[in-house]
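Observations on the three-dimensional arrangement
For reference, the chains in residue letters:
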Amino acid sequence: MLKAYVARDESNKKIKKSAHVVSTVDIIHSVTYSAYCPEQDSLEVNDAQTSCIRLPNSDILNNLELHLAHLSKEQRENVVKLIGDHSIIFSDVPQQTTMLTHDIDVGTAVPIKQHPYRVNPKKREVMRMEVEYLLQHGLAVSSKSPWSSACLLVPKSDSSLRFCTNYRKVNNITKPHSFPLPRLEDCVDRVGSSQFVTKLDLLKGYWQVPLTARASEISAFVTPDNFLQYKVMALFLEMTGYYRGGCKRCWSWSSAATGGP
């Protein structure tokens, strides 16, 4: 479709030069404002994603009598004895197995160094709390490793945060172990005729597998405030590495299958 041709008005291009006029501006006195509150602008602040969820087992065990007040004296004594005899089962801090260790073989690859990601102040504080938890329970130690992977906080379905390390670059150069993982169909067939089926959900299952000295050095991670390395297997670390130890027919599941800790 053709449009009608319209000539431009050249008269608008003739602009007269005028002298620069400097206007005077009155000095505005500084005003002291009170602390800003987002609600003043009808903004909602989401404080749900400010921490990583921990099991309250320790708090409950420290006040066990209070939680068992509805039971009789004999029943309370039986429950306390049962929990005392198997206290390791009710712990909210994962323990490490002595049957095997996890190793990482990267061959002659050059160490990978990553800088920490930028995070907002709230998430930075959450990272500090996570690092303190890892150090307090001996799950990580300060590092001088040439390796360094960045950490981040990933929101979970319950609005809490998951402390993760981006090991993608490390996983890309890790030599895989091709031991066959069990097929889900075969697992179902094996228990299909059973009358009773037991399902065990390990507490922080990754953290229950210790790392070798070499793997610990490669697992080094960095946050805006800390540089550490894991002593136990970390979430999203390549799970097809080599398991060393006396645990026969030990089946390892990928993070996609287990869903992580």
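Worth saying up front: this structure is predicted, and the values here are computed from it rather than measured.

Here the focus is the overall build of the protein. The helix and strand tally for the protein stands at eight helices and seven strands. In the protein, buried positions account for 26% of the 261 residues. Taking all contacts inside the protein whose residues are at least 6 apart in sequence as the whole, residues at least 24 apart take part in 76%.

Here we take up the pattern of salt bridges. A side chain with one charge may pair with a side chain of the opposite charge, provided their charged atoms come close. This structure, assessed with the given rule, holds seven salt bridges. K81 is paired through a salt bridge with D85; the nearest N and O atoms lie 2.9 Å apart. Taken together, the positions of K81 and D85, both in helix α3 (residues 73–85) and four residues apart, correspond to about one turn of that helix. Between D225 and R128 there is a salt bridge; the shortest N-O distance is 3.2 Å. On the criterion of sequence distance, the pair formed by D225 in the loop between β5 (221–222) and β6 (227–230) and R128 in helix α4 (residues 121–136) is long-range, its members being 97 residues apart. The exposure class of R128 is partly exposed, given its relative accessible area of 34%. In the salt-bridge network here, residues are joined through shared partners; they are R124, E125, R128 and D225.

Our focus in this paragraph is the sheet that holds β5. One open sheet accounts for five strands, arranged β2-β6-β5-β3-β4; its pairing is mixed. Looking along the sheet, the strands with just one partner apiece sit at the ends: β2 (140–142) and β4 (161–165). Where β5 meets β6, two bridges bridge the pair, whose relative direction is antiparallel. Of the residues in β6, the one forming a bridge with V222 is F227.

Let us look at the nonpolar core. The biggest cluster of nonpolar side chains holds 34 residues, and the ones touching the most others in it are L134, F163, Y167, W207, F221 and Y230. For this core, the secondary structure elements donating two or more residues are α4, β3 (149–155), β4, α7 (213–218) and β6. Broken down by element, the residue count for this core peaks at five residues, all from α4.

So, about the confidence of the model for the protein. For the protein, per-residue confidence averages 77 on the pLDDT scale, and 70% of positions sit at 70 or higher. Low pLDDT (under 50) marks residues 27–33, which in the prediction has zero contacts with non-local residues, meaning those over four places away or in another chain.

On to unusual backbone geometry, then. At S159, a residue that is not glycine, the phi angle is positive and equals roughly 75 degrees. With respect to the helices and strands, the residue S159 is situated in the loop between β3 and β4.

Okay, the packing of aromatic side chains next. Applying the stated rule across the entire model yields three aromatic pairs. Here the aromatic rings of F163 and F221 are separated by 6.2 Å at their centres, their planes lie at 75 degrees, and the arrangement is edge-to-face. Taken as a pair, F163 in strand β4 and F221 in strand β5 lie far apart in primary sequence, 58 residues in all. For the residue pair F163 and F221, the accessibility class agrees, reading buried in each case. Arranged with centres 4.6 Å apart and planes meeting at 35 degrees, the rings of F221 and Y230 form a pair that is tilted. An aromatic cluster is defined as three or more aromatic residues linked by ring pairs; in this entry it consists of F163, F221 and Y230.

A few words now on the pairing of β3. In this sheet, β5 lies alongside β3 in parallel orientation, the contact comprising two bridges. From the neighbouring strand, S149 faces β5, where its bridge partner is F221. Pairing of β3 with β4, which is carried by five bridges, proceeds in the antiparallel orientation. Within β4, the residue paired with V154 across the bridge is R162.

Turning to the state of the cysteines, a few remarks are in order. Covalently bonding the sulfur atom of one cysteine to the sulfur atom of another cysteine gives a disulfide. Scanning the model with the defined rule gives zero disulfides in all. Unpaired in terms of disulfides, C151 finds its nearest cysteine sulfur in C164, a separation of 8.7 Å. Taking the relative accessible area as the measure of exposure, C151 reaches 2% and is therefore buried. Overall, the relative accessible area of 2% leaves C164 in the buried class.

Its place among the elements puts S219 in the loop between α7 and β5. The class of S219 is buried, set by a relative accessible area of 0%. Setting aside residues no more than four positions away along its own chain, S219 makes contact with Y167, L211, Q229 and Y230.

Here is what the cut-offs are and how they apply
Residues numbered from 1 in each chain as written. Predicted model: local features only at pLDDT ≥ 70, side-chain atom pairs only at ≥ 80, totals over all residues. Heavy atoms only, no water. Helix = DSSP H or I, 4+ residues; strand = E, 2+ residues; numbered from the N terminus. Buried < 20%, exposed > 50% of the residue type's maximum accessible area, 1.4 Å probe, protein only. Contact = heavy atoms within 4.5 Å. Salt bridge = Lys/Arg side-chain N within 4 Å of Asp/Glu carboxyl O. Pairing = 2+ DSSP bridges. Core = buried A, V, L, I, M, F, W, Y, C linked by side-chain atoms within 4.5 Å. pLDDT = per-residue confidence, 0-100. Phe/Tyr/Trp six-rings, centres within 6.5 Å; stacked < 30°, edge-to-face > 60°. Disulfide = S-S within 2.5 Å.

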